Amino acid sequence: MYRDNSLMPKEAVRLAVLGTLIQNGPQRYADLASSVRHFLDRIAGPSLDLMGTSLEMLRYEGLIEALDGTGMEDNALLHATPPGRTEFDTLMRANVRAPSADGLNKLVIGLKLRFLHLLDTEAQKDQIDHLASLHETELARLGDLKRTEAKAEAEGHFTEWLEHDIAQAEQRLAWFNSLLARI
């Protein structure tokens with residue numbers, strides 16, 4: 001994890017693998033690899049950072065194990081081990097960094113929402129509250145930038161784009177607050 005206790009790309013992949021196995025139960029090696037790769041590619045786009053963690057490494061670390069066979073070579077049926085469930089819980093409770101353009105935060109938020117129901121109610125509320133706080137911070141940052149730009153009476157389309165970005169952040173915050181109220 002990064003110093004701020006947020007997930008690095010390889011940990012996002014671990015979360016995707018472990019969450020998929022915990023949510024869906026044992027899966028064949030090829031099916032699990034394909035499912036995780038599809039989700040990661042569709043949320044974050046193709047990324048070399050996200051391709052680095054192999055199922056074999058998770059197996060070696062004891063986070064997943066084969067119920068039959070040995071691994072990739074015989075398309076073993078894989079499941080999460082008790083240490084894998086503990087790792088899943090740790091990864092789900094990790095911080096999320098402030099929004100950025102690299103796609104990792106979108107992936108981490110997507111993974112947290114995909115597997116949020118696997119946590120107890122209090123942990124779900126904590127995670128949603130943290131995600132809402134991120135958007136509140138982003139709104140404050142964008143609002144400050146908008147005020148600065150208004151003072152400068154800048155030309156061009158930046159202010160219009162910024163207002164669009166603020167509206168999206170407000171919608172995301174409202175959605176997270178609504179989700180928190182439903183839990």
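**Points about the sheet that holds strand β1 (residues 27–28)**
- Taken in spatial order, the 3 strands of this open sheet run β1-β3-β2, and their pairing is antiparallel. A single partner strand is all that each edge strand has here, and the edge strands are β1 and β2 (64–68).
- When β2 meets strand β3 (residues 77–80), the two strands line up antiparallel, connected through 4 bridges. Note that in β3 the partner of Asp-68 across the bridge is Leu-77.
- Contacts between helix α1 (residues 9–24) and the sheet are confined to β1, β2 and β3, with β3 contributing the most and set at about 95 degrees to the helix.

**Considerations on the pattern of salt bridges**
- Counted by the stated rule, this structure contains 10 salt bridges.
- The partner of Glu-61 in a salt bridge is Arg-14, with the nearest N and O atoms 2.5 Å apart. Of the two residues, Glu-61 sits in the loop between α3 (55–60) and β2 while Arg-14 sits in helix α1, which places them 47 residues apart along the sequence.
- Overall, Arg-14 belongs to the buried group, its relative accessible area being 11%.
- In this structure, Glu-138 and Arg-172 form a salt bridge, with 3.6 Å as the shortest nitrogen-oxygen distance. Note that Glu-138 is positioned in helix α6 (residues 121–152) and Arg-172 in helix α7 (residues 158–182), a separation of 34 residues in sequence.
- Exposure remark for Arg-172: the relative accessible area of 29% places this residue in the partly exposed category.
- Because the salt bridges share partners, they merge into one network encompassing Arg-14, Glu-61 and Glu-87.

What counts and what doesn't
Residues numbered from 1 in each chain as written. Predicted model: local features only at pLDDT ≥ 70, side-chain atom pairs only at ≥ 80, totals over all residues. Heavy atoms only, no water. Pairing = 2+ DSSP bridges. Helix = DSSP H or I, 4+ residues; strand = E, 2+ residues; numbered from the N terminus. Contact = heavy atoms within 4.5 Å. Axes fitted to C-alpha atoms, helices over the stretch in contact; angles between N-to-C directions. Salt bridge = Lys/Arg side-chain N within 4 Å of Asp/Glu carboxyl O. Buried < 20%, exposed > 50% of the residue type's maximum accessible area, 1.4 Å probe, protein only.

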